[in-house]
Amino acid sequence: MYDIIIIGAGVIGSFIARELAKYEANILILEKENDVGNVTSMANSAIVHSGYDPVPGTLKAKFNVLGNKQYKKVCEELDVKFLQTGSLTVAISEDQLTVLKDLEKRAHENGVEVKLLNEKEAKQMVPNLNNAVRGALYCPTAGVVDPFNLVVHAMENAIDNGVNLALNEEVINIKQIKDGYRIFTKNHQFDGNIIINATGINGETISDFVTAHHFDIKARKGEYYVLDHFDNNFLSMPIFPLPSEKGKGILMTPTSSLNYLVGPSSEFVDEKDDLSTDALTLKQIREQALLIMKDIPFNMTIRTFAGNRPTPSTHDFIIEKVNNHFINAVGIESPGLASAPAIGKYIADELVQEIIHLTIKQKYNPCVKKYPHPNMLSSQERKELIKTNPKYGHIICKCEGVSEQEILDVLERSCPPHSIKAIKKRVRAGFGRCQGGMCQPLVAKLLANYLKVDLSEINYDELGTQVAKFKTKAGDTDE
Ligand SMILES: Cc1cc2nc3c(=O)[nH]c(=O)nc-3n(C[C@H](O)[C@H](O)[C@H](O)COP(=O)(O)OP(=O)(O)OC[C@H]3O[C@@H](n4cnc5c(N)ncnc54)[C@H](O)[C@@H]3O)c2cc1C
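Here's what I pulled together on the structure shown here. On a predicted model such as this, the values are computed, not experimentally measured, just so you know.

Here's the deal with the layout of surface pockets
When its volume is computed, the second largest pocket comes out at roughly 220 Å³. Lining of the second largest pocket is provided by Lys32, Glu33, Asn34, Asn168, Glu169, Glu170, Thr185, Lys186, Asn187, Glu462 and Leu463. Its residues assigned to classes, the lining of the second largest pocket shows one nonpolar, four polar and six charged.

Okay, here's the thing in C-alpha cells:
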C-alpha cells in the first residue's frame, strides 16, 4: 500500500511529487505516456506570467502570483533555463488605453508590480512594436522558461528523493478499499491511502471514478508558429494584446532557447487529442500578431504546433480535497505552468498535511545533480570541456549544436528518455530548422546502442511508434 499515489506526470503532478518528496512517505506516480510532461505541459507559450490579469480572489490569481515569486529559486535548484524578461501588454487604440488602466488596477489588487508606459516609452523598450501601439502595461516579473526540462527536472528531483515513477501505466478504473483506493491500469493494480488526480485535460474521467460531484473539462486548442533563431534582438520579452474572454490573445514571445513563438489561437475542439493545425487559423494568427508587432518574418517559420488547454466548467483551477483519500488538481489551464511550483507546495504542505501528518526527511535535497550545458558556455570553456571529453565536440544535431555526450548525459539521469522525442525535449536535438531530418537516425542509433536493443525497437514517441519498424532486405537496420 502506497501512502500517496499521484496520477499524471505533467507539470502539476511532477511538482506535487517534488514537494511531497521532502516528506517521509511511500509515493508512486503513474503516467500513461512513455515520458513525463508529454501532453499540455509541452505545448504552451512557456511564459511565467506575472499574475496581473487573473480575476482577483480566484485560485488562478493566487497560485500565479505565488508561483511567479518562486520561479527563480526553483529554476536554480532544478537547473532549468528561466529568463526573467518582463512582458508588455499593448493598447493599439486610444480606447484600449482605458482598458490598460483597468488592468493596472487589477494588477495592484493581485499584488503584482506593473508600470504604465506611454507610446514613446513602450517603443523604446520594444522597437519592433506596431506603429499603432499607443501605450503598454509593463510587468517586470514575467519571464520565459524551458517547459520541457522544467517537468523532467522536477520529476528527477522527486525520484532522487525517493519517489517511484511508473510510465506507460494508464489508469482505467478506481475502486474504494479499506483505508484508500485501488487503482487499475491495463496490466497492474496499485493501492494507495491518498490519491492525487493530476491528469489535466482527462481530470473529469478520473474524478468520476470516485465522486458523483461532476465537472466538465473541455479542450480549447491553441495553434502556434515556431520561428527559427534569426535575430536575438528582434524581441526581448512576451508581447500581449489586451486579454479577452478567450484568454490572453495572440502574442509573440521569445523562448528560453531564443526561438520565437507566435500564437496561440483559442477554439474549443471535440477531441481532446486533436492537435492538428489548419491554414485558416494560422492565417488569422498571422494577421492578429501583425497588429501588435511589425515585420514579423514568418518566412523563418520552421514548424507549427498546437496544444489543448484543459478548460474547466468551473472557470477556475479545480484544486480540492474530495475526501480524506482523494484530491483533485485538474482543469489547470493557463497560467498553470507559472502556478505549478505554488500548486505543488500547497497540495503537499496544506491539503495532504490536513489528512496525514508527514515528517520531513533528514536527507532531502531540493537540487538536481548539475550536468554540462555546452551551449551556455563561452567558446574557451567549451574547448576545455571538449578536451576533457571529445564526445562534447561530436555534433549530432547541427541545427541546434547538440553533441553526442549531451545525449549520453541525459540517458544516465534518473528520469531518462526512452524515445527520440524524449531526447529532443531534453537536449533540443531535432528542434531546429531541419526538424530532425538529419539527426533523427543518429539519435535513434545512440538510443538503441545505449539501451542495447535493435534499432527497430526505438520509438519516436509513445509505445508503438517505431521509426525503423521493418528490417531491410539485407536484414540489418543498423547500417
Ligand atoms: C496553448 C496553450 C498555451 C499555454 N500557455 C501557458 C503559458 O504561457 N504559461 C502558463 O503558465 N501556462 C500556459 N498554459 C497552461 C499550461 O500549459 C497548463 O496549465 C499545464 O501544462 C497543465 O499541466 P497538467 O500537469 O495539469 O496537465 P498535463 O501536462 O496534460 O499533464 C497531465 C498528465 O496526466 C497524464 N494522464 C492523463 N490521463 C491519465 C490516466 N488515465 N492515467 C495516467 N496518466 C494520465 C497525461 O498523460 C499527462 O502527462 C498553456 C496551455 C496551452 C494549451
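Focus: helix H11 (residues 420–427)
Here H11 lies mainly inside the structure; eight of its eight residues are buried. All of the buried residues along H11 are Ile420, Lys421, Ala422, Ile423, Lys424, Lys425, Arg426 and Val427. Those residues of H11 that are buried are in contact with helix H5 (147–160), strand E18 (301–312), strand E22 (402–403), helix H10 (404–411) and helix H12 (440–451). At the exit of H11 stands Arg428, carrying a positive phi of roughly 80 degrees.

Some words on the nonpolar core
If you look at the biggest cluster of nonpolar residues, it comprises 55 residues, and the most contacted ones within it are Ile6, Leu20, Ile196 and Ile347. The dominant element in this core, judged by the number of residues it contributes, is helix H8 (residues 336–355), at 10 residues. The contacts of Ile6, once residues within four sequence positions are left out, are Gly13, Ile16, Ala17, Leu20, Ile27, Leu28, Ile29, Leu30, Ile196 and Ala198.

Comments concerning the pairing of strand E2 (residues 27–30)
Residues Ile27 and Ile29 of E2 are buried on one face, and the alternating residues Leu28 and Leu30, pointing to the opposite face, are buried as well. Relative to E2, strand E1 (residues 2–7) runs parallel, the two being bridged by four bridges. The residue of E2 that forms the bridge with Ile5 is Leu28. For the segment spanning E1, helix H1 (residues 11–20) and E2, crossover handedness is right-handed. As paired strands, E2 and strand E9 (residues 164–166) are joined by three bridges and run parallel to one another. The residue bridging Leu28 from the neighbouring strand is Asn164, located in E9.

Considering the sheet that holds strand E8 (residues 143–145)
Strands sit in the order E3-E8-E4 across an open sheet of three strands; the sheet is antiparallel. Whereas interior strands pair on both sides, the edge strands pair on one side only; in this sheet they are strand E3 (47–48) and strand E4 (82–83). The pairing of E3 with E8 spans two bridges and is antiparallel. Counterpart to Ile47 in the pairing with E8 is Val144.

Things to note about the site of the ligand
Surrounding the ligand, one finds 39 residues, the nearest of these being Glu31, Ser41, Ile47, Ile332 and Ala338. A distance of 3.1 Å separates an oxygen atom of the ligand from a polar atom in the side chain of Asn44. Taking Glu333, its main chain carries an N or O atom lying 3.2 Å from an oxygen atom of the ligand. The protein chains hide 98% of the 1,000 Å² of surface that the ligand would expose on its own. Every element with two or more residues in the shell around the ligand is listed here: H1, E18 and H8. Class assignment for the residues of the shell around the ligand results in 18 nonpolar, 14 polar and seven charged. The residues that make up the shell around the ligand include at least three from each of domain 1 (1–80 + 144–216 + 313–370) and domain 2 (81–143 + 220–307).

Comments concerning H8
Residue pairs spaced three or four apart in an α-helix point in one direction, given the helix's 3.6 residues per turn. The end-to-end C-alpha distance of H8, which contains 20 residues, comes to just 25 Å, noticeably less than the 28 Å that a straight helix rising 1.5 Å per residue would cover. Ala342 marks the point of greatest bend in H8, at about 35 degrees.

Quick notes on the packing of H1 against H5
Think of two packed helices as two axes; the pair is described by the angle between the axes and how far apart they sit. Running from amino to carboxyl end, H1 crosses H5 at an angle of 30 degrees, the nearest separation of the two axes being 8 Å. Classified by the interaxial angle, the pair formed by H1 and H5 is roughly parallel. Between H1 and H5 lies a crossing whose hand is left-handed. Counted together, Val11, Ser14, Phe15, Ala17 and Arg18 of H1 and Leu150, Val151, Ala154, Met155, Asn157 and Ala158 of H5 form the full contact between these two elements. For the contact of H1 with H5, a count of residues per class yields eight nonpolar, two polar and one charged.

Let's talk about the packing of H1 against H8
Close contact between H1 and H8 brings their axes to 8 Å; oriented N to C, the two are set at 40 degrees. With respect to H8, the element H1 is oriented oblique. Every pair of crossing elements has a handedness; the one defined by H1 and H8 is right-handed. Here H1 contributes Val11, Ile12, Phe15, Ile16, Glu19 and Leu20 to the contact with H8, which in turn contributes Gly336, Leu337, Ala340, Pro341, Ile343, Gly344, Lys345, Ile347, Ala348 and Val352. Grouping the constituent residues of the contact of H1 with H8 by class yields 12 nonpolar, two polar and two charged.

Focus on the pattern of salt bridges
With the rule as written, the count across this model stands at 28 salt bridges. Two residues, Asp274 and Lys221, come together in a salt bridge whose shortest N-O distance is 3.2 Å. One end of the pair, Asp274, is in the loop between strand E17 (267–269) and helix H7 (279–292); the other, Lys221, is in strand E13 (residues 217–227), and 53 residues separate them in sequence. The class for Asp274 is partly exposed, based on a relative accessible area of 24%. Linking Glu354 and Lys321 is a salt bridge whose minimum nitrogen-to-oxygen distance equals 3.6 Å. A residue pair is termed long-range when its members are at least 10 positions apart, and Glu354 in helix H8 and Lys321 in strand E19 (residues 318–323) qualify at 33 residues.

What about the packing of aromatic side chains?
Under the definition given, this model contains nine aromatic pairs. Over the aromatic face of Tyr346 sits the side chain of Lys62, whose NZ or CZ is 4.6 Å from the ring centroid. Against the face of Phe431 rests Lys424, its NZ or CZ located 4.9 Å from the ring centre.

About the thresholds
Residues numbered from 1 in each chain as written. Predicted model: local features only at pLDDT ≥ 70, side-chain atom pairs only at ≥ 80, totals over all residues. Heavy atoms only, no water. 1 Å grid on protein atoms, 1.4 Å probe; cavity = no way out; pocket = protein on both sides within 12 Å on 5 of 7 lines; lining within 4 Å. Points joined across faces, edges and corners; volume = space filled by probe spheres on them. Nonpolar A, V, L, I, M, F, W, Y, C, P; charged D, E, K, R; others polar. Buried < 20%, exposed > 50% of the residue type's maximum accessible area, 1.4 Å probe, protein only. Helix = DSSP H or I, 4+ residues; strand = E, 2+ residues; numbered from the N terminus. Contact = heavy atoms within 4.5 Å. Core = buried A, V, L, I, M, F, W, Y, C linked by side-chain atoms within 4.5 Å. Pairing = 2+ DSSP bridges. Right-handed = clockwise from strand over helix to strand, strands pointing away. Near = heavy atom within 4 Å. Polar contact = N/O pair within 3.5 Å; in protein donor to acceptor, adjacent residues only side chain to side chain. Areas by Shrake-Rupley, 256 points an atom, 1.4 Å probe, with all protein chains shown as cover. Domains from an automatic or database assignment. Expected span 1.5 Å × (residues − 1). Bend = angle between axes of the 7 residues up to and from the residue. Axes fitted to C-alpha atoms, helices over the stretch in contact; angles between N-to-C directions. Parallel < 35°, antiparallel > 145°, perpendicular 65-115°, else oblique. Left-handed = near helix turned anticlockwise from the far one by under 90°. Salt bridge = Lys/Arg side-chain N within 4 Å of Asp/Glu carboxyl O. Phe/Tyr/Trp six-rings, centres within 6.5 Å; stacked < 30°, edge-to-face > 60°. Lys NZ or Arg CZ within 6 Å of the ring centre and 35° of its normal.

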